[in-house]
Amino acid sequence: MPSHRLPPSLEPNALSQEVDRFRREGLPFIDLTATNPTRCGFAYPEAEILAALAAPGTLAYHPDPRGSRTAREAVAAWHGQGLDPEDLVLAASTSEAYGWLFKLLCDPGDEVLVPSPSYPLFHWLATLEGVEARPVPALAFGRWQVDFQALEAAAGPRTRAVVVVHPNNPTGQFLTTSEWEGLLAFCAARGLALLVDEVFVDYALEPPADRLGSALGTPAPPCPVFVLSGLSKIAALPQIKLGWVAARGAGARALLEPLTFLADQYLSVSASAQAAAADLLRLAPGIQAGLKARLRRNLAALDAALAGRPALTRAPVEGGWAAVLRIPALEPGEACALRLLREAGVLVHPGHFFDIPGDGHLVVSLLPEPFPEGIERAAALLDARAR
Ligand SMILES: Cc1ncc(COP(=O)(O)O)c(C=O)c1O
């Protein structure tokens with residue numbers, strides 16, 4: 001019997017089953033949930049990427065539990081802000097780094113608070129460490145705002161950390177400077193750590209004026225702050241498997257040693273990823289430029305599809321790779337997504353996949369190349385049903 005940390009059933013949900021059927025039967029559809037950048041038709045600098053991966057460092061094994069000094073220097077230089085390579089620990093991905101941080105900060109049965117809606121993987125990344133990731137619904141007035149009263153009410157004796165995504169996935173919301181100050185005060189008062197996922201921080205589209213730049217650029221925080229990022233989004237290279245955690249703030253240095261111990265048990269970052277890190281980070285701005293052009297084009301296509309269809313609107317897309325649509329809640333979210341797939345040949349995610357309450361939201365990725373056609377088809381069907 002597998003442990004109780006695993007899901008009781010691994011049966012795919014109805015939407016995944018239908019997608020599998022479409023694929024098995026060769027039925028065409030436009031996938032507006034696609035977020036794998038290597039399959040979205042971007043022109044990568046292929047020769048340079050392959051040359052970076054052929055660096056001589058690939059042939060040698062000099063394990064360092066925090067990651068090679070040269071790779072950490074490259075990551076520190078990428079972030080700037082005076083980040084010290086000694087405050088960085090490399091991992092194979094941010095997902096792996098979350099597992100390490102939950103092991104570092106929590107005993108089994110402890111919990112972390114996650115202002116929601118947020119990235120759905122947190123539930124399993126925490127559960128697999130014996131930790132509860134407790135969603136704390138945000139206040140939804142036009143934009144989602146951290147609800148400090150709800151955080152207060154949710155915090156208990158077993159709470160160890162707060163996890164925020166900046167900008168968030170899927171809502172695209174950046175933290176504002178006042179939310180940031182509030183989170184620091186909240187965590188410092190309760191002896192909690194603050195985990196800030198900044199994988200999308202370079203992808204600003206409609207940022208609010210008072211947004212926090214990066215958690216790495218703020219004055220010394222009064223609590224331990226762990227900032228997560230990686231090549232998967234920064235350079236749109238998820239297959240390289242290189243992520244990292246930067247530790248800062250009061251008490252963070254003392255936690256670096258046990259975090260290093262943890263990383264030492266895995267030594268999971270490949271020599272080739274570390275040897276290539278500096279060159280790949282040099283390529284990142286060019287790769288990002290291609291993605292940003294696509295994100296802007298698709299956001300404009302989304303607005304064109306919503307224009308003249310007042311029943312359909314979207315939340316501000318402050319940053320990131322996704323957009324949240326508001327639709328009339330005429331049927332359960334999954335039924336709506338199934339209808340769009342079967343009747344319009346378009347795959348979208350219902351909002352509840354991301355803990356958005358109710359049935360009035362859909363989530364689409366802004367990366368896919370055929371986005372304009374897909375969103376027009378989806379909007380036409382949703383609009384016809386709303387009339
Ligand atoms: C908010 C967020 N964090 C982390 C990740 C995962 O990144 P990695 O590939 O480094 O595990 C994703 C992937 O979609 C994400 O959306």
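So, how was this worked out
Sequence order as written defines residue numbering, which begins from 1 separately in each chain. It should be noted that, the model being predicted, local features are given only for residues of pLDDT at least 70 and side-chain atom pairs only at 80 or more, the latter also being counted only at that level, while totals for whole chains, interfaces and linings use all residues. Each side-chain value is worked out from all heavy atoms of the structure, with water and hydrogens disregarded. Domain start and stop points were drawn from an automatic or database domain assignment. Contacts are assigned to residue pairs with any non-hydrogen atoms lying within 4.5 Å of each other. Buried area: the sum, over both parts, of the accessible surface (1.4 Å probe) that disappears when the two are put together. The rule for a salt bridge is simple: a side-chain nitrogen of Lys or Arg has to be within 4 Å of a carboxyl oxygen of Asp or Glu. Residues adjacent in sequence count toward polar contacts only when both atoms are side-chain atoms; beyond that, a polar contact is any pair of N or O atoms within 3.5 Å, and within protein one must be able to donate a hydrogen and the other to accept it. Numbered from the N terminus, helices here are DSSP runs of H or I no shorter than four residues, and strands are runs of E no shorter than two. Under the convention adopted here, Pro, Cys and the residues Ala, Val, Leu, Ile, Met, Phe, Trp and Tyr are nonpolar, Asp, Glu, Lys and Arg are charged, and Gly plus all remaining residues are polar. Burial classification: accessible surface area is computed with a 1.4 Å probe over protein chains only, and a residue below 20% of its type maximum counts as buried, one above 50% as exposed, and the rest as partly exposed. Patch members must show over 30% relative accessible area and no salt bridge, and they are joined within 9 Å when carrying like charges or within 5 Å when they are nonpolar side chains of Val, Leu, Ile, Met, Phe, Trp or Tyr. What sets the accessible areas is the Shrake-Rupley method with a 1.4 Å probe; for residues, cover comes only from the shown protein chains. What makes a residue near a molecule or strand is one non-hydrogen atom of that residue sitting within 4 Å of it. Between N-to-C directions, angles span 0 to 180 degrees; the directions come from axes that are lines fitted to C-alpha atoms, helices contributing only their stretch in contact. Each angle receives one of four descriptions, namely roughly parallel if under 35 degrees, roughly antiparallel if over 145, roughly perpendicular if within 65 to 115, and oblique otherwise. Crossing chirality is assigned from the near helix's rotation relative to the far helix, an anticlockwise turn below a right angle marking it left-handed and a clockwise turn marking it right-handed. Working convention for charge: Lys and Arg count positive, Asp and Glu count negative, and His plus the chain ends are omitted.

(A) A look at the domain arrangement of the chain. Split by domain assignment, the chain resolves into domain 1 (14-44 + 284-386) and domain 2 (55-283). Between the C-alpha centres of domain 1 and domain 2 the distance comes to 27 Å. Facing the 32 residues of domain 1 at the interface are 36 residues of domain 2. Summed over both sides, the interface of domain 1 with domain 2 buries roughly 2600 Å², with 63% coming from carbon and sulfur. One can count two salt bridges joining domain 1 with domain 2. The partner of E318 in a salt bridge is R143, with the nearest N and O atoms 2.9 Å apart. Inspection of the region where domain 1 meets domain 2 yields 16 residue pairs in polar contact (both at pLDDT 80 or more). The dominant element in the side of domain 1 that touches domain 2, judged by the number of residues it contributes, is helix α10 (residues 271-306), at 10 residues. When its residues are assigned to classes, the side of domain 1 that touches domain 2 shows 19 nonpolar, seven polar and six charged.

(B) Inspection of the side chain of R143 at higher detail. Along the polypeptide, R143 turns up in strand β6 (residues 143-145). On the accessibility criterion, R143 (16% relative accessible area) is buried. Separated by 3.0 Å, the side chain of R143 and the backbone oxygen of F174 make a polar contact. There is a polar contact of 2.9 Å between the side chain of R143 and the side chain of E318.

(C) How the structure looks around a nonpolar patch on the surface. A cluster of nonpolar side chains, contributed by L6, L121, W124 and L128, occupies part of the molecular surface with about 310 Å² of accessible area. Within the fold, L6 resides in the segment before α1 (14-24). Using a relative accessible area of 38% as the deciding quantity, one classes L6 as partly exposed.

(D) The site of the ligand, seen in detail. Taken together, S93, T94, S95, Y119, V165, N169, D197, V199, F200, S232 and K233 make up all the residues around the ligand. Between the ligand and the protein, one listed contact pairs an oxygen atom with a side-chain N or O atom of T94 at 2.7 Å. Within the side chain of S95, an N or O atom sits 2.6 Å from an oxygen atom of the ligand. Taking 400 Å² as the accessible area of the ligand by itself, protein coverage stands at 89%. Sorting the residues of the shell around the ligand by element identifies α4 (94-105) and α8 (231-234) as the ones contributing at least two each. Residues belonging to the shell around the ligand are distributed by class as follows: four nonpolar, five polar and two charged.

(E) Molecular detail of the packing of α10 against helix α12 (residues 371-386). Contact pair α10 / α12: the axes reach a minimum separation of 9 Å and the direction vectors enclose 25°. Judged by the inter-axis angle, α10 sits roughly parallel to α12. For the pair α10 and α12, the crossing hand works out as right-handed. Of the residues in α12, those in contact with R297, N298, A301, L302 and A305 of α10 are F371, P372, I375, E376 and A379. By residue class, the composition of the contact of α10 with α12 is seven nonpolar, one polar and two charged.

(F) Structural detail: the side chain of D197. Tracing the backbone through its elements, the reader meets D197 in strand β8 (residues 193-197). Although D197 is buried, it forms no salt bridge, and the closest oppositely charged side chain is K233 at an N-O distance of 8.0 Å. Among the polar contacts made by the side chain of D197, one reaches the side chain of Y98 at a distance of 2.7 Å. For D197, the residues in contact, after removing those within four places along its chain, are Y98, F122, V164, V165, H166 and L228.

(G) A look at unusual backbone geometry. In this model, S116 is joined to P117 through a cis peptide bond whose omega is 5°. By the element assignment, P117 lies in the loop between β3 (111-116) and α5 (121-127). The step from N169 to P170 runs through a cis peptide bond, and the omega angle for that step is 15°. When you line up the elements, P170 lands in the loop between β7 (159-165) and α7 (177-190). Despite not being glycine, A236 shows a phi value in the positive range, around 50°. Here A236 lies in the loop between α8 and β10 (243-248). Positive phi, close to 60°, is recorded for K241, a residue that is not glycine.

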